[in-house]
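Survey of secondary and tertiary structure
Residue-level listing of the chains:
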Amino acid sequence: MIGISEHIKKQIESYSFKPLVYRYGTVTGVSDGVVWVDGLSGRVFGELIEFDSGAYGMVMELMENRIGVVLLDSDDRVGIGDVVRGSGIVCEIPLSDGIIGRVVDPVGRPLDGRPYEGKVLMPCERPAPDLVSRRSVDTPLETGIIAVDSMVPIGRGQRELIVGDRQTGKTTIAVDTIINQKGKGVICVYCAIGQKASTVANVINRLRESGAMEHTFVVVSSASDSPAMQYLAPYSACSAAEYFMDKGCDVLVVYDDLSKHAVAYRTLSLLLHRAPGREAYPGDVFYLHSRLLERAACMSKEKGGGSITALPIIETMDGNISAYIPTNVISITDGQIYLESELFHNGVRPAVNTGLSVSRVGRAAQPGAMKKVSGSLRIALARYREMSVFARFGADLDPATKALLDRGEKLTGLFVQKNGNTYSLSEETALLTGFSKGLYDAVPTEYLREKIPDMLKYLRDNIAPVMSEIDRTGDFDAHMEQTLSNAIEEFLSQNGGAENNKEADKETDK
Amino acid sequence: MAFMDAIAAVGGSCEKDVILTTSPRLSADAVKTLIKMTSEKFGVENIVHRTDDGMIGGFTLRCGGVFYDMSVATQLSCLRESLDAAFEEEER
């Protein structure tokens, strides 16, 4: 007993052996991960249940004489007649600051091969902040994606849905946003629900290679996990986010994706013999997502001033955003970013349909610099889309229409961004300043698109103080605007932008 | 005698079968005595006796939806939890 303090000696000496008494139930039915238990009264919804075999389940159905328990792990050790007991605790996730950089499952077990111990246990299901504890969203969350930051701006504490068909770049937008939070004091959570393990591994590798794991952690429930784990995953991720929000931090949570979450909940509900509703989803499928997304909030200063920004992802079929689950989540969130397959296949990536995408928080969450340069972009694009219909028929167009189409093409070209290539605020401001001042009008569209990286490098090298001032303050004055314009003009003239246009015109005339 | 006291200390009543589980190391006589005491305590004739090596010692009783755990394994586990809590408090 050398080294054990007096305190611990006292613990041992004062310990008294008492019988452990608890109520138990008996398994009367097991099927597809759902266990029916008789005789275990006094349980609460969401309580953890322990089986004799060591398996764990969660109470999801309470009836007069029996309870329905969903197994958290795919476990074939549970059989008829097995004894079960209640744990007295609802599902919780262990949390600590050390979770950052880690990959865990919805109940906090590490999946990255290293031990993890959370000191604080937070229930997976928690009530959303009340009205009085909240404040308006007023701080921007920069995604680094120019199409989003300029026309569908997101604020800290907002819920912005990313919706689109499969393989349209939904996860890419979310992951690029996470990567762009480096050095901005935002902790990020990526919650993978029902995804293939290989897909999740790729995302984690991308986050690691870009250094994003220094401010991110991942909660994973892959496609091979039980429906109960897939159901729990976003709630656990949100609880983990709330752990940091309660400390006054700004947190970004990505739920990828809630369509699979709804399917997992539908599976559980059907196995629990609940009445199916529209598309066989249970009647409370709206509440499934509303109670999750309402936990994203911007807290008042009195409550710490932290925030949770939610980026739920929903997958549509054939572009149908009028389906059941997409419309549910659209009505819950504060806007949506709609990604279109047609745009994606035409090379417009990110494939943001600016006509159907909206941010209900809007310009309240935009930095001053972006507000000044992005005012007319939506109208310009809307007019371009209308006029481009005529251009397809090969009709003779007047010079004003040609100019409008040309500007629309250039603006669309400006919004094309490579996967992982996020822009800073100053870079986005510079690109859009050039557009709004008409500096690209004499430059061919393809040439402009090729030269964007070089132009941005030129600006960073030659007017670095202006660029860093815009990044620091989020705004610019008339003098800085003039410096930006002059630098862009200088670059274009040095790189023969206008000459290229004349050459192209000569070729066309021939 | 400690077992007999423990049986006597168990409260509640039973309407169905009682399952008494002991360590296989317990002697046959001790098991008989336990069964007799349990039968008298709960007024139940049909007592099912099982053994479980994982218990180390002591016994468990299952009856009427209530589980009474007097196994040494569980008591050691509770003691470990209590010590863990004490260690954590020491570290703080």
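Residues numbered from 1 in each chain as written. Chains lettered and ligands numbered in written order. Predicted model: local features only at pLDDT ≥ 70, side-chain atom pairs only at ≥ 80, totals over all residues. Heavy atoms only, no water.

1. Thoughts on the overall build of chain B
Basically, it comes down to this: Secondary structure elements are defined from DSSP: runs of H or I of at least 4 residues count as helices, runs of E of at least 2 residues count as strands, and each element is numbered from the N terminus. Partly exposed residues are those whose accessible area sits between 20% and 50% of the maximum for their type, while under 20% is buried and over 50% is exposed, using a 1.4 Å probe and protein chains only. A contact between two residues is defined here by any heavy atoms of the two lying within 4.5 Å. Areas reported here follow the Shrake-Rupley algorithm with a probe of radius 1.4 Å; residue values treat only the protein chains shown as occluding.
If you tally the helices and strands in chain B, you get 3 helices and 4 strands. Going residue by residue from the N terminus, the α and β elements of chain B occur as α-β-α-β-β-β-α. When burial is assessed residue by residue, chain B has 43% of its 92 residues classed as buried. Considering only intrachain contacts with a sequence separation of at least 6, the fraction spanning at least 24 residues in chain B is 63%. In the form shown here, chain B has an accessible surface area of approximately 5,300 Å², with 51% of it arising from carbon and sulfur atoms.

2. What about the overall build of chain A?
As a reminder of what qualifies: In this count, Lys and Arg are taken as positive residues and Asp and Glu as negative ones, while His and the chain termini are left out. Charged groups are reduced to one reference atom each: NZ for lysine, CZ for arginine, CG for aspartic acid, CD for glutamic acid.
When helices and strands are counted, chain A shows 17 helices and 16 strands. Across chain A, the fraction of contacts at a sequence separation of at least 24, relative to all contacts at a separation of at least 6, is 74%. Of the roughly 22,700 Å² of accessible surface on chain A, a fraction of 52% belongs to carbon and sulfur atoms. Considering chain A, the positive charge centre built from 55 side chains and the negative charge centre built from 67 side chains are found 2 Å apart.

3. Thoughts on the environment of I193 of chain A
Residues and elements named next belong to chain A. Relative to the elements of secondary structure, I193 occurs in strand 11 (residues 186–195). Assessed through its relative accessible area of 0%, I193 is described here as buried. Sequence spacing of I193 and Q181 is 12 residues, and the spatial spacing of their C-alpha atoms is 22 Å. In this structure I193 touches S221, Q230, A233, P234, Y255, D256, D257, L258, K260 and H261, once residues within four positions along its chain are discounted.

4. Description of the pairing of strand 13 (residues 250–256) of chain A
All names here are of chain A. In plain terms, the rule: Between any two strands, at least two bridges found by DSSP are needed for them to pair.
Of all 7 residues making up strand 13, 7 are buried, and the element is well covered by its neighbours. Where burial is concerned, the two faces of strand 13 agree: the one with D250, L252, V254 and D256 and the one with V251, V253 and Y255 are both buried. Sheet analysis places strand 11 next to strand 13, joined by 7 bridges and oriented parallel. Note that in strand 13 the partner of V189 across the bridge is V253. In this structure, strand 13 lies alongside strand 14 (residues 307–315), joined through 6 bridges in parallel fashion. Its bridge partner lying in strand 14, D250 is registered against S307.

5. Thoughts on the environment of D138 of chain A
Looking at where D138 of chain A falls in the secondary structure, it is placed in the loop between strand 9 (120–123) and helix 2 (146–151). Taking the C-alpha atoms as reference points, D138 of chain A and G157 of chain A, 19 residues apart in sequence, are found 8.7 Å from one another.

6. Topic: the domain arrangement of chain A
Residue and element names in this part refer to chain A. Using the following cut-off: How far each domain reaches was decided by an automatic or database domain assignment. Two parts placed together each lose some accessible area under a 1.4 Å probe, and the buried area is that loss summed for both.
Looking at the assigned domains, one finds that chain A contains domain 1 (24–89), domain 2 (94–366) and domain 3 (372–509). Measuring from the centre of the C-alpha atoms in domain 2 to the corresponding centre in domain 3 gives 32 Å. Of the residues lining the interface, 24 residues belong to domain 2; the matching set on domain 3 comes to 19 residues. When domain 2 packs against domain 3, the two sides together hide about 1,700 Å² of surface, and 51% of this comes from carbon and sulfur. Broken down residue by residue, the surface that domain 2 buries against domain 3 is led by I146, M151 and T354, which jointly contribute 34%.

7. Comments concerning the interface of chain B and chain A
Applicable threshold: One side-chain nitrogen of Lys or Arg within 4 Å of one carboxyl oxygen of Asp or Glu is enough to make a salt bridge. Counting of polar contacts relies on pairs of N or O atoms within 3.5 Å, with two restrictions inside protein: one atom must be capable of donating a hydrogen and the other of accepting it, and residues adjacent in sequence are counted only when both atoms are side-chain atoms.
The partner chain A presents 15 residues to the 19 residues of chain B that form the contact. Taken together, the two surfaces of chain B and chain A that pack against each other cover about 1,800 Å², and 63% of this comes from carbon and sulfur. Summed over the shared surface of chain B and chain A, the result is 0 salt bridges. Applying the counting criterion to the chain B and chain A interface returns 1 residue pair in polar contact (both at pLDDT 80 or more). Within the residue set of the side of chain B that touches chain A, elements represented by two or more residues are strand 3 (58–63), strand 4 (66–71) and helix 3 (72–91) of chain B. In terms of residue count, helix 3 of chain B provides more of the side of chain B that touches chain A than any other element does, 10 residues in total.

8. Quick word on unusual backbone geometry
Looking along the chain, the bond that leaves D256 of chain A and enters D257 of chain A is cis, with omega of -5 degrees. Along the chain, D257 of chain A turns up in the loop between strand 13 and helix 6 (258–271). For the bond running from R349 of chain A to P350 of chain A, omega is 10 degrees, close enough to zero to count as cis. As for its position among the elements, P350 of chain A is in the loop between helix 9 (341–345) and strand 16 (358–359). Backbone geometry at D318 of chain A places phi at a positive 55 degrees, although glycine is not the residue there. Within the fold, D318 of chain A resides in the loop between strand 14 and helix 8 (324–332). When its relative accessible area of 77% is taken as the criterion, D318 of chain A is described as exposed. The residue I56 of chain B is not glycine, and still its phi comes out positive at about 70 degrees. With respect to the helices and strands, the residue I56 of chain B is situated in the loop between strand 2 (47–51) and strand 3.

9. A few points about the pattern of salt bridges
If the charged atoms of two oppositely charged side chains come close together, the side chains can form a pair. All names here are of chain A. One pass over the full model with this rule turns up 30 salt bridges over all chains. Here D246 ties to R126 by a salt bridge, and the two come within 3.8 Å at their closest N and O atoms. Taken together, the residues span a long stretch of sequence, with D246 in the loop between helix 5 (227–245) and strand 13 and R126 in the loop between strand 9 and helix 2 at a distance of 120 residues. A residue is classified by how much of its surface remains accessible, and D246, at 46% relative accessible area, is partly exposed. Across the pair E469 and R472 runs a salt bridge, and its minimum N-O distance is 2.9 Å.

10. Topic: the side chain of S259 of chain A
Mapped onto the elements, S259 of chain A comes out in helix 6. If sequence neighbours within four positions are ignored, S259 of chain A has contacts with I313, I314 and E315 of chain A.

11. Notes on the side chain of S239 of chain A
Residue and element names in this part refer to chain A. Within the element layout of this structure, S239 appears in helix 5. Classification of S239 as buried rests on a relative accessible area of 0%. Here the side chain of S239 touches P123 through a polar contact of 2.7 Å, landing on its backbone oxygen. What S239 contacts, discounting residues up to four positions off in sequence, is I93, L95, M122, P123, C124, E125, R126 and R295.

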